[in-house]
Amino acid sequence: MRCGMCAVAALALALGVIPAAAAASTVTVLKDARLIDGTGTPPREHTTLVIEGERITAVGPASMATPAGAQVVDLAGKTVMPGLISDHSHLGLVDGTRADGANATVANIERQLRQFEAYGVTTVMSLGLNGPVFYQLRPQAHAGTLAGSDMFGADRGIGVEGGAPPVKVQPDQLYRPDTPEQARQDVREMAARHTDLVKLWLDDFHGTLPARMSPEVYKAVIDEAHAQHLRVAAHVYYLEDAKRLVADGVDILAHGVRDRPVDQAFIDAMKVHGTWYIPTLGLDESFYLFAEQPQLLDQPFVAHALQPPLRQQLASPDWRQATLAKSADIATNRQSLATNEHNLKTLYDAGGKIGFGTDSGATPLRVPGFAEHRELKLLTDAGLTPLQAIQLATQSAAGLLGLSDRGVLAPGKRADFVVLADDPTQDIGAVDRIDAVWHRGREVSGAVTAFQP
Ligand SMILES: [Zn+2]
């Protein structure tokens, strides 16, 4: 096979770059699938989906006519659901066993985007701690010329000197303003770079950090962001902080409230202000999950998400022993998860606006792709049905990001979807049994056992 375009295509594949013209004007028909469309509607059996280029153009019954010349894919017995969307992850912070801003290289971010995609997460919001590499890659991700998930981001974000976030990053990956005036200037810089959101941190990490952001600074951040037509997502832990931020107009709570049960005043305020809530249930569990359940490491679904040095560390008896020895911390984390689950269910039942995220990529223990599947399971532990959990991770997560082109499988939407061997509405564990992932109308990967992290 010798032709100019083939050579270009082969080179592009070798570089992990998708030729933009490759997907154009192909018609694909998926036959006889069980369709979960992302809206919370129960699965529809024997569905036909027509895909042209990057979009779905028709959804109908099995009897629907197949366009002439279309490529037909038989999905009898399989389930199709929208690609997952993480509203809270971090790109370029973790490589192997370390979290460090120096890991924000093109190659490392591409590696993570490919991993997210292979695990069915086709859109990722990198919620803060992003440096210049983010802006180098975002246009390529949006244009479809970069392999892996589509990416959005919250620029550097606003922390506080001596306080949150307690991470090792470069000066161009995080602001720590002293005054409201500085904070406003920082927000204007992020607006000039066309950030997707503004992030701030309000927490003392269980009292371990001496400094907290002052109300004057976070009010200035929210006010200036709104003046720049940007929305603000805030890292929180405590109910009192969450209440103040909601009253002061924050748009998104980037974590669940985990210190105590939410009360009616908070629920009412969330609804009056239309504030979004990202529970990140798996965050607190991540500290102890692999130490308590080492058998997880033997599951191919987990093993293929772990870079070799990380897998080696998690499998080591020394690491396990040292982690389990921090029993007071584990008890706190376990209680935080239980409170988070309770609050999520309470807010969900009250009709709150709930997104989907995991904080994957913030530490090596929050593993891209795996974390999102774990989060779906934890949402069902909290009392949601599998269908409700999937709706949060698809339609609702897209809504939080203001993306109307994805999150739902319907005519006009992007053909971003996961093909599963079984029906996850019967057992949420079936979301792990990935047969294939399609992104922008193309099959981009198969079972995760073919993925090398
Ligand atoms: Zn985070």
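Keep in mind it's a predicted model, so treat the numbers as computed, not measured.

Right, let's talk about the coordination of the zinc ion for a bit. Within the protein, the zinc ion binds to His88 (NE2), His90 (NE2) and Asp359 (OD); these donor distances fall in the range 2.0 to 2.1 Å. One chain supplies every donor for the zinc ion, spaced along it as H-x1-H-x268-D. One end of the pair, His90, is in the loop between strand E6 (84-89) and strand E7 (94-95); the other, Asp359, is in the loop between strand E15 (353-354) and helix H14 (370-381), with 269 residues separating them in the sequence. Judged by its relative accessible area of 3%, His90 falls in the buried class. Here Asp359 falls in the buried class, since its relative accessible area comes to 6%.

Using the criterion set out here, one finds 29 salt bridges in the structure. A salt bridge links Asp423 to Arg34, with the nearest nitrogen and oxygen atoms 3.9 Å apart. Taken together, the residues Asp423 in the loop between strand E16 (417-420) and strand E17 (434-439) and Arg34 in strand E1 (residues 27-35) connect sequence positions 389 residues apart. Taken individually, Asp423 and Arg34 each receive the classification buried, so the pair is uniform in this respect. For Arg414, the salt bridge is made with Asp416, and the minimal N-O distance between the two is 2.9 Å. You can call Asp416 buried: its relative accessible area is 5%. Taken together, the shared-partner salt bridges in this structure form one network comprising Asp150, Asp405, Arg406, Arg414 and Asp416.

A few words on the environment of Asp435. Tracing the sequence through the fold places Asp435 in strand E17. You can call Asp435 partly exposed: its relative accessible area is 30%. Between the C-alpha atoms of Asp435 and Ile36, which are 399 residues apart in sequence, the distance is 15 Å.

All right, on to the sheet that holds E6 then. The strand order across the open sheet built from three strands is E6-E9-E10, with neighbouring strands paired in parallel fashion. This sheet does not close on itself; its edge strands, each paired only once, are E6 and strand E10 (150-153). Averaged over neighbouring strand pairs, the angle between their axes works out to 20° when direction is ignored. Summarising the sheet, E6 and strand E9 (residues 121-126) pair through four bridges and their orientation is parallel. Directly across from Ser86, in E9, lies its bridge partner Val124. Helix-sheet contacts for H14 involve E6 and E9, and the interaxial angle to E6 is about 100°.

The next subject is the domain arrangement of the chain. One frequently used descriptor of interface size is the decrease in accessible area upon assembly of the parts. Under the domain assignment, the chain is made up of domain 1 (4-82 + 408-450) and domain 2 (84-401). The gap between the C-alpha centroids of domain 1 and domain 2 is 28 Å. Counting each side, the surface lost to burial between domain 1 and domain 2 is near 2400 Å², with a carbon and sulfur contribution of 65%. Taken together, the links from domain 1 to domain 2 amount to one salt bridge. Notably, a salt bridge pairs Arg414 with Asp150, separated by 3.9 Å at the nearest N-O pair.

Next up on the list: the layout of surface pockets. By volume, the largest pocket is sized at about 950 Å³. Along the walls of the largest pocket sit 39 residues, with Phe205, Leu283, Phe287, Thr363 and Arg366 positioned nearest its centre. Listing elements by their share of the lining of the largest pocket, those giving two or more residues are strand E11 (198-201), helix H8 (282-286), helix H11 (308-315), helix H12 (317-325) and helix H13 (327-349). Tallied by class, residues from the lining of the largest pocket come to 18 nonpolar, twelve polar and nine charged.

Let's shift gears to the pairing of strand E12 (residues 232-235). Looking along a regular strand, one sees the side chains alternate between the two faces of the sheet. Burial of E12 is two-sided: the residues Val232 and Ala234 facing one way and the residues Ala233 and His235 facing the other way are all buried. Both E11 and E12 contribute to a ladder of four bridges, which runs parallel. Directly across from Trp201, in E12, lies its bridge partner His235. In the classification by handedness, the crossover that spans E11, the intervening helix H5 (residues 215-227) and the parallel E12 is right-handed. Bridge count between E12 and strand E13 (residues 252-253): two bridges; the pairing is parallel. By the bridge assignment, Ala233 is partnered in E13 with Ile252.

On to the environment of Ala242, then. In this fold, Ala242 is placed in helix H6 (residues 239-247). Judged by relative accessible area, Ala242 falls into the buried class, the value being 0%. Separated by 146 residues in the primary sequence, Ala242 and Gly96 have C-alpha atoms spaced 33 Å apart. Look past the residues within four positions of Ala242 in its chain and what remains in contact with it is Val236, Leu253, Val257 and Phe266.

Let's shift gears to H13. In a regular helix each residue adds 1.5 Å, so 23 residues correspond to 33 Å; H13 covers 33 Å between its end C-alpha atoms and thus fits that length. Considered for burial, the residues of H13 that qualify are Ile330, Asn333, Ser336, Leu337, Thr339, Asn340, Glu341, Asn343, Leu344 and Leu347. Gly351, located one to two residues past H13, shows a positive phi value of around 85°.

Procedures and definitions
- Residues numbered from 1 in each chain as written.
- Predicted model: local features only at pLDDT ≥ 70, side-chain atom pairs only at ≥ 80, totals over all residues.
- Heavy atoms only, no water.
- Donors = N, O, S within 2.8 Å, 3.2 Å for Na, K, Ca; no water.
- Helix = DSSP H or I, 4+ residues; strand = E, 2+ residues; numbered from the N terminus.
- Buried < 20%, exposed > 50% of the residue type's maximum accessible area, 1.4 Å probe, protein only.
- Salt bridge = Lys/Arg side-chain N within 4 Å of Asp/Glu carboxyl O.
- Pairing = 2+ DSSP bridges.
- Axes fitted to C-alpha atoms, helices over the stretch in contact; angles between N-to-C directions.
- Contact = heavy atoms within 4.5 Å.
- Domains from an automatic or database assignment.
- Buried area = accessible area lost by both parts, 1.4 Å probe.
- 1 Å grid on protein atoms, 1.4 Å probe; cavity = no way out; pocket = protein on both sides within 12 Å on 5 of 7 lines; lining within 4 Å.
- Points joined across faces, edges and corners; volume = space filled by probe spheres on them.
- Nonpolar A, V, L, I, M, F, W, Y, C, P; charged D, E, K, R; others polar.
- Right-handed = clockwise from strand over helix to strand, strands pointing away.
- Expected span 1.5 Å × (residues − 1).

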